[in-house]
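Structure assessment
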Amino acid sequence: MGSPASMDRDLYEQQVAGRGFAIIENVISKDDVLSLRDAIASIPDSEEVRRKSNVFGIRNLLEICSPCRELAASAEIRSLVSPILGEKCFAVRGTFFDKVPGANWNLRWHQDSVIAVTKKIDVPGFHAWSTKAGVVQARPPHEILQRMLAIRIHLDDCTAANGALRALAGSHQQRWERDDLSIAKGKYEMLTCEVAVGGVLAMRPLLLHASSASEIPEHRRVIHIEYACDDLPGGLEWQTKIA
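Anyway, here's the lowdown on the structure attached to this text. Quick caveat: nothing in here was measured; it's all calculated off a predicted structure.

Structural notes on the packing of helix α3 (residues 30–41) against helix α5 (residues 66–73)
Packed helices, taken two at a time, are described by the angle their axes make and the gap between the axes. The interhelical angle for the contact between α3 and α5, taken along N-to-C directions, is 135 degrees, at an axis separation of 9 Å. With respect to each other, α3 and α5 are oriented oblique. Residues Leu 36, Ala 39 and Ile 40 of α3 form the contact with α5, whose participating residues are Pro 67, Cys 68 and Leu 71. When grouped by side-chain class, the residues that make up the contact of α3 with α5 number six nonpolar, no polar and no charged.

Focus on the pattern of salt bridges
Scanning all chains against the criterion turns up six salt bridges. One salt bridge connects Asp 156 with Arg 37, and the closest N-O pair in it is separated by 3.2 Å. On the criterion of sequence distance, the pair formed by Asp 156 in the loop between β9 (149–154) and β10 (165–168) and Arg 37 in helix α3 is long-range, its members being 119 residues apart. With relative accessibility at 23%, the residue Arg 37 sits in the partly exposed group. A salt bridge links Arg 221 to Asp 156; its shortest N-O distance comes to 2.8 Å. With Arg 221 in the loop between β13 (209–211) and β14 (222–228) and Asp 156 in the loop between β9 and β10, this pair connects stretches of sequence that are 65 residues apart. Taken individually, Arg 221 and Asp 156 each receive the classification buried, so the pair is uniform in this respect.

Describing the layout of surface pockets
Taken as a whole, the largest pocket spans an internal volume of roughly 1,000 Å³. If you go around the largest pocket, you meet 41 residues; those closest to its centre are Arg 59, Phe 97, Leu 107, His 110 and Asp 112. Residue assignment for the lining of the largest pocket shows that the elements contributing at least two residues are β3 (55–58), β4 (90–97), β5 (107–110), β7 (127–132), β8 (135–139), β13 and β14. Among the elements that take part in the lining of the largest pocket, β4 stands out by supplying five residues, more than any other. Looking at the lining of the largest pocket residue by residue, the classes come out as 16 nonpolar, eleven polar and 14 charged.

Structural notes on the sheet that holds strand β6 (residues 115–117)
One open sheet accounts for three strands, arranged β6-β8-β7; its pairing is antiparallel. If you trace the sheet from one side to the other, it starts and ends with β6 and β7, each paired once. When strand polarity is set aside, the average angle formed by the axes of neighbouring strands in this sheet is 35 degrees. Sheet topology note: the β6/β8 ladder contains three bridges and is antiparallel. Looking at β8, one finds that Val 117 is bridged to Val 136.

Side note on the environment of Ala 133
Relative to the elements of secondary structure, Ala 133 occurs in the loop between β7 and β8. Ala 133 sits in the buried class, given a relative accessible area of 17%. Along the backbone, Ala 133 and Asn 60 are 73 residues apart, and their C-alpha atoms lie at a distance of 7.9 Å.

Description of the nonpolar core
Core analysis: the biggest nonpolar cluster contains 37 residues, and Tyr 12, Ile 77, Ile 151, Ile 153, Ile 223, Ile 225 and Tyr 227 have the highest contact counts within it. Tallying contributions element by element places helix α6 (residues 75–85) first for this core, with five residues. Leaving out residues up to four positions away in the same chain, Ile 77 has contacts with Val 27, Ile 28, Leu 71, Ala 72, Ile 151, Ile 153, Val 200 and Tyr 227. Within the second largest apolar cluster, 16 residues are counted, among which are Phe 90, Phe 126, Met 148 and Leu 206.

Details of the sheet that holds β10
Read across the open sheet, the four strands follow the order β5-β13-β10-β11; overall the sheet is antiparallel. Among the strands making up the open sheet, the edge pair consists of β5 and β11 (190–193). Averaged over neighbouring strand pairs, the angle between their axes works out to 20 degrees when direction is ignored. Here three bridges tie β10 to β13, and the two strands are oriented antiparallel to one another. Considered in β13, the bridge of Ala 167 is made with His 209.

With respect to the pairing of β14
Counting buried positions along β14 yields seven of seven residues, so the element is predominantly enclosed. The two faces of β14 match: Val 222, His 224, Glu 226 and Ala 228 on one face and Ile 223, Ile 225 and Tyr 227 on the other face are all buried. As defined by bridge partners, β9 adjoins β14 across six bridges and the pair is classed as antiparallel. Across the sheet, Leu 149 pairs through a bridge with Tyr 227, a residue of β14.

Calculation rules
- Residues numbered from 1 in each chain as written.
- Predicted model: local features only at pLDDT ≥ 70, side-chain atom pairs only at ≥ 80, totals over all residues.
- Heavy atoms only, no water.
- Axes fitted to C-alpha atoms, helices over the stretch in contact; angles between N-to-C directions.
- Helix = DSSP H or I, 4+ residues; strand = E, 2+ residues; numbered from the N terminus.
- Parallel < 35°, antiparallel > 145°, perpendicular 65-115°, else oblique.
- Contact = heavy atoms within 4.5 Å.
- Nonpolar A, V, L, I, M, F, W, Y, C, P; charged D, E, K, R; others polar.
- Salt bridge = Lys/Arg side-chain N within 4 Å of Asp/Glu carboxyl O.
- Buried < 20%, exposed > 50% of the residue type's maximum accessible area, 1.4 Å probe, protein only.
- 1 Å grid on protein atoms, 1.4 Å probe; cavity = no way out; pocket = protein on both sides within 12 Å on 5 of 7 lines; lining within 4 Å.
- Points joined across faces, edges and corners; volume = space filled by probe spheres on them.
- Pairing = 2+ DSSP bridges.
- Core = buried A, V, L, I, M, F, W, Y, C linked by side-chain atoms within 4.5 Å.

This is the structure in structure tokens:
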């Protein structure tokens, strides 16, 4: 199994702090990858599931897929989160993405700046409220996003040819408005995050990232799990909290 210890824990922490992301190979076994593929494919249709000929997107993954919920709390995945967020970290949201013929897209440069909560409460600093698949979402203060980490578990080889994530290394230190993206692109190095099946990409939500449409008719299945380490202020509560 992969972990910060197997790749050098100090280097792992330095990469997440400095670049905003790190790649760790061989975290999930081949058998576990196959089991997770089957579990996701067997999720029944609902408002959380987007499907063409295959499942290509799922919201609220941790609530509707127990194997993914178990994955979020597993020792292998937590060993990648706790060095960054501390032992009291917990998973707060899970989603699934694939790129398949008929559901293939370009993802423009952006930061992940929205969290899921149980209900709307007017708290200073929280805005851009919305509801998707029955879940209330808001854009929180910058400080909350800075104390989060996303773990992307790859169920297929992820290469430049099938839409691997591209990241502006170091761009996670601040929020970027759309009009300032040209400044960010000129300031930070763009890196393509190729990850083999069973590997993990750990990334800060505020890292500017994008991806291209897949050029080949192959799956690019990714489980994306977000972690936090603090309770929310003003009576707000995370929609999910899995320790």
